[in-house]
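Structure at a glance
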Amino acid sequence: MTASILLLIVGVAILASLGFDIWLDRRQIRWLRVHRAGVPQAFMGRVTLEEHQRAVDYALERLRLSVLDSVIGSALTAVLLIGGLFATLITLATTIAGPGYVAGLLVAGAVLLVYAVPEVPIAAWRTFKIEQKYGFNRTTPALFVADLAKGAVLAVAIGAPFILAIDFIMRHAGEFWWLAGWGFYAAFSLLMLLIVPRFVMPLFNKFEPIDDASLRARIETLLSRCGFHANGLFKMDGSKRSSHGNAFFTGFGPTKRIVLFDTILSSLTPSEIEAVLAHELGHFKLRHIVKRMATGFTVSLVAFGVIGYLAGAGWFATGFGVAPETAQAMPLLALILCMLVLPSFTGWAKGISNWRSRLHEWEADAYAAQQTSGADLASALLKLHKDNASPGTTDPIYSTFRHSHPPTAERIARLQPVA
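Presented here is an overview of the structure given in this document. Because the structure is predicted, anything quoted here is derived from the model rather than measured.

Basis of the calculations
Residues numbered from 1 in each chain as written. Predicted model: local features only at pLDDT ≥ 70, side-chain atom pairs only at ≥ 80, totals over all residues. Heavy atoms only, no water. Helix = DSSP H or I, 4+ residues; strand = E, 2+ residues; numbered from the N terminus. Rg over C-alpha atoms; globule rule 2.2 N^0.38 Å. Buried < 20%, exposed > 50% of the residue type's maximum accessible area, 1.4 Å probe, protein only. Areas by Shrake-Rupley, 256 points an atom, 1.4 Å probe, with all protein chains shown as cover. Phe/Tyr/Trp six-rings, centres within 6.5 Å; stacked < 30°, edge-to-face > 60°. Lys NZ or Arg CZ within 6 Å of the ring centre and 35° of its normal. Pairing = 2+ DSSP bridges. Salt bridge = Lys/Arg side-chain N within 4 Å of Asp/Glu carboxyl O. Axes fitted to C-alpha atoms, helices over the stretch in contact; angles between N-to-C directions. Core = buried A, V, L, I, M, F, W, Y, C linked by side-chain atoms within 4.5 Å. Contact = heavy atoms within 4.5 Å. Expected span 1.5 Å × (residues − 1). Polar contact = N/O pair within 3.5 Å; in protein donor to acceptor, adjacent residues only side chain to side chain. Left-handed = near helix turned anticlockwise from the far one by under 90°. Nonpolar A, V, L, I, M, F, W, Y, C, P; charged D, E, K, R; others polar. Patch = residues over 30% accessible without salt bridge, like charges linked within 9 Å, V, L, I, M, F, W, Y side chains within 5 Å.

**Notes on the overall build of the chain**
Scanning the chain for helices and strands turns up 18 helices and four strands. Compactness check: the chain gives a C-alpha radius of gyration of 24 Å against a globular reference of 22 Å for 419 residues, within 12% of the reference. The dimensions of the chain, computed from C-alpha atoms along their principal axes, are 65 × 50 × 40 Å. Looking at the chain as a whole, 42% of its 419 residues qualify as buried. Split by element, the accessible area of the chain, about 20,300 Å² in all, is 67% carbon and sulfur.

Structure representation (structure tokens):
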């Protein structure tokens, strides 16, 4: 394949992907504007008109920022791949360090930095303008900067060894390096599931044992009833950044832990908290976590196979301005290029993963209704819906590609007959 044809195909893919993203966002914007005047039927008597319109306005502002974010991201990808910036970064890196491991690290770091720099003002605007305007933000400028600094240090501490290891495999594992690379990726991912809950997450938030004895006893009884063992039940100080609430399970094997935001503890009743945790337990008992991991590893194996093919194709790296001798001396460049190119061709797959995720959510809701109370789960979902200012209506096509969870109204409607 000639360079001009390759660049044309990639350019069209970038534009098509961006166009699809903007089309989805504009559909949702139009949908929300049309339905802003009245509370959706499913929430009549449960949500006031003022609450509904506030949620719609909040969603509209976030959507407009999402459009800008998509445009910037696509423009940066086009500049890197078609505008020659990627080739320029390679020239600078090899001039500094030669075509070795250090140069590969420099190129990978520079590409990440290209995307990270504009994300800072976007994140700041989202936090200190939109979230602040609607009363959700509790992040101080100092905390915002501290989070950025910690994130950067962790990216280097965790990312650099990973990149070096993959680079080593590509240089020395032969024709089927991609299979060895995938094996390392899978092992590294499992290792992160063990390390992150215990060592990384505490760098950003404080985790304390839940001090409410009656609530602890209630949850422990639920865990025993469901045959689930967790390595700790914790309260997280989510309120220091936002008033949004959440509850989740994290970790793997011996590091499994249950985490409740302090905002959840203050807004839900004990029975509602129990129902929310029963939903999360449902994901484990129904093996959703294992199924998602298996799917993720299968998809990543296919992705590594595609990358292996493209890395071995002489036309691929050279088509983006990489000199043949440099491409041969630095095989990592082909992998970085694939990470830049492939997302423009695979965005449609999000609809499939969301469809599967929604099935799992329905199943987890049903499990929770069996173990606790469907009425309590429905009540908790409604409170979280209101507390997080979620719009009560959404464009169906937008929701298919952007929402991994079913609409709250549909979940409540299914739970009511069980309640």
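That was the structure; now back to the text.
**Considering unusual backbone geometry**
Even without being glycine, Arg 287 reaches a positive phi, approximately 65°. The topology assignment puts Arg 287 in the loop between helix 9 (270-285) and helix 10 (288-312). With a phi close to 55°, Ala 389 is a non-glycine residue in the positive phi region. Looking at the element boundaries, Ala 389 is found in the loop between helix 16 (374-387) and helix 17 (396-402). For Ala 389, a relative accessible area of 5% puts it in the buried group.

**Structural notes on the packing of aromatic side chains**
On inspection of all chains with the given rule, the structure shows 13 aromatic pairs. Look at Phe 184 and Phe 188: their rings are 5.9 Å apart centre to centre, the planes differ by 35°, and that puts the pair in the tilted class. Residue Phe 184 and its partner Phe 188 are both found in helix 6 (residues 177-200); the two are separated by four residues, about one turn of the helix. The class of Phe 184 is partly exposed, set by a relative accessible area of 25%. Counting every residue linked through ring pairs, the aromatic cluster contains Phe 20, Trp 23 and Phe 401. Against the face of Phe 204 rests Lys 150, its NZ or CZ located 5.8 Å from the ring centre. We note Arg 171 situated over the ring of Tyr 101; from NZ or CZ to the ring centre the distance is 4.5 Å.

**Brief notes about the pairing of strand 2 (residues 233-236)**
The two faces of the sheet receive side chains in turn, since in a regular strand these alternate between them. As defined by bridge partners, strand 1 (residues 207-209) adjoins strand 2 across three bridges and the pair is classed as antiparallel. Counted as the bridge partner of Phe 207 is Met 236 from strand 2.

**Examining the pattern of salt bridges**
All chains considered together, the criterion is met by 16 salt bridges. One salt bridge connects Glu 131 with Arg 62, and the closest N-O pair in it is separated by 2.9 Å. In this pair, Glu 131 is assigned in helix 4 (residues 101-133) and Arg 62 in helix 2 (residues 49-81), connecting sequence segments 69 residues apart. Several salt bridges converge on common partners, so that one network encompasses Asp 21, Asp 25 and Arg 402.

**A closer look at the sheet that holds strand 2**
Working definition: the strands of a sheet are paired by backbone hydrogen bonds and lie parallel or antiparallel to each other. Pairing is mixed in the open sheet, where four strands are placed in the order 1-2-4-3. Of all the strands in the sheet, the pair left with one neighbour each is strand 1 and strand 3 (247-250). Strand-to-strand twist of the sheet, defined as the mean angle between neighbouring strand axes without regard to direction, takes the value 35°. Both strand 2 and strand 4 (residues 257-261) contribute to a ladder of four bridges, which runs parallel. Each residue of the ladder has a partner; that of Phe 234, found in strand 4, is Val 259.

**Digging into the nonpolar core**
Note on soluble globular proteins: their nonpolar side chains tend to be buried together. In terms of nonpolar packing, the biggest core is built from 41 residues, with Ile 219, Leu 260, Ile 273, Leu 277, Leu 281 and Leu 377 touching the most fellow members. Residue assignment for this core shows that the elements contributing at least two residues are helix 7 (213-226), strand 2, strand 3, strand 4, helix 9, helix 15 (350-371), helix 16 and helix 18 (408-415). Among residues more than four places away in sequence, those in contact with Ile 219 are Ile 210, Leu 233, Leu 260, Ile 273 and Leu 277. Leu 81, Ile 166, Ile 307 and Ile 336 belong to the second largest nonpolar core, which has 37 residues in total.

**Comments concerning helix 16**
In this model, helix 16 (14 residues) spans 20 Å end to end at C-alpha, consistent with the 20 Å of a helix rising 1.5 Å per residue. Listed in full, the buried residues belonging to helix 16 are Gly 374, Leu 377, Ala 378, Ala 380, Leu 381, Leu 382, Leu 384 and His 385. In this structure, the buried residues of helix 16 make contact with helix 8 (262-267), helix 9, helix 15 and helix 18. Between the side-chain oxygen at the start of helix 16 and the backbone nitrogen of Ala 375 there is a gap of 3.2 Å, and the oxygen is on Ser 373.

**Examining the packing of helix 6 against helix 10**
Packing of helix 6 against helix 10 leaves a shortest axis separation of 9 Å and a crossing angle of 145°. The handedness of the crossing between helix 6 and helix 10 is right-handed. Touching Trp 177, Trp 178, Leu 179, Gly 181, Trp 182, Tyr 185, Ala 186, Ser 189, Leu 190 and Leu 193 of helix 6 are Met 293, Phe 297, Ser 300, Leu 301, Phe 304, Gly 305, Ile 307, Gly 308 and Ala 311, all from helix 10. Looking at side-chain class alone, the contact of helix 6 with helix 10 contains 14 nonpolar, five polar and no charged residues.

**Re a nonpolar patch on the surface**
There is a patch of nonpolar side chains on the surface, built from Met 1, Ile 5, Ile 9 and Phe 345 and spanning about 360 Å² of accessible area. Tracing the backbone through its elements, the reader meets Met 1 in the segment before helix 1 (3-34).

**Looking at the environment of Ala 364**
Turning to its location among the elements, Ala 364 is positioned in helix 15. Here Ala 364 falls in the buried class, since its relative accessible area comes to 0%. The spacing of Ala 364 and His 35 is 329 residues in sequence and 30 Å in space, taken between C-alpha atoms.

**Quick notes on the environment of Ala 157**
Along the chain, the position of Ala 157 falls in helix 5 (residues 141-172). Counting along the chain gives 50 residues from Ala 157 to Val 107, while the straight-line C-alpha distance between them is 16 Å.

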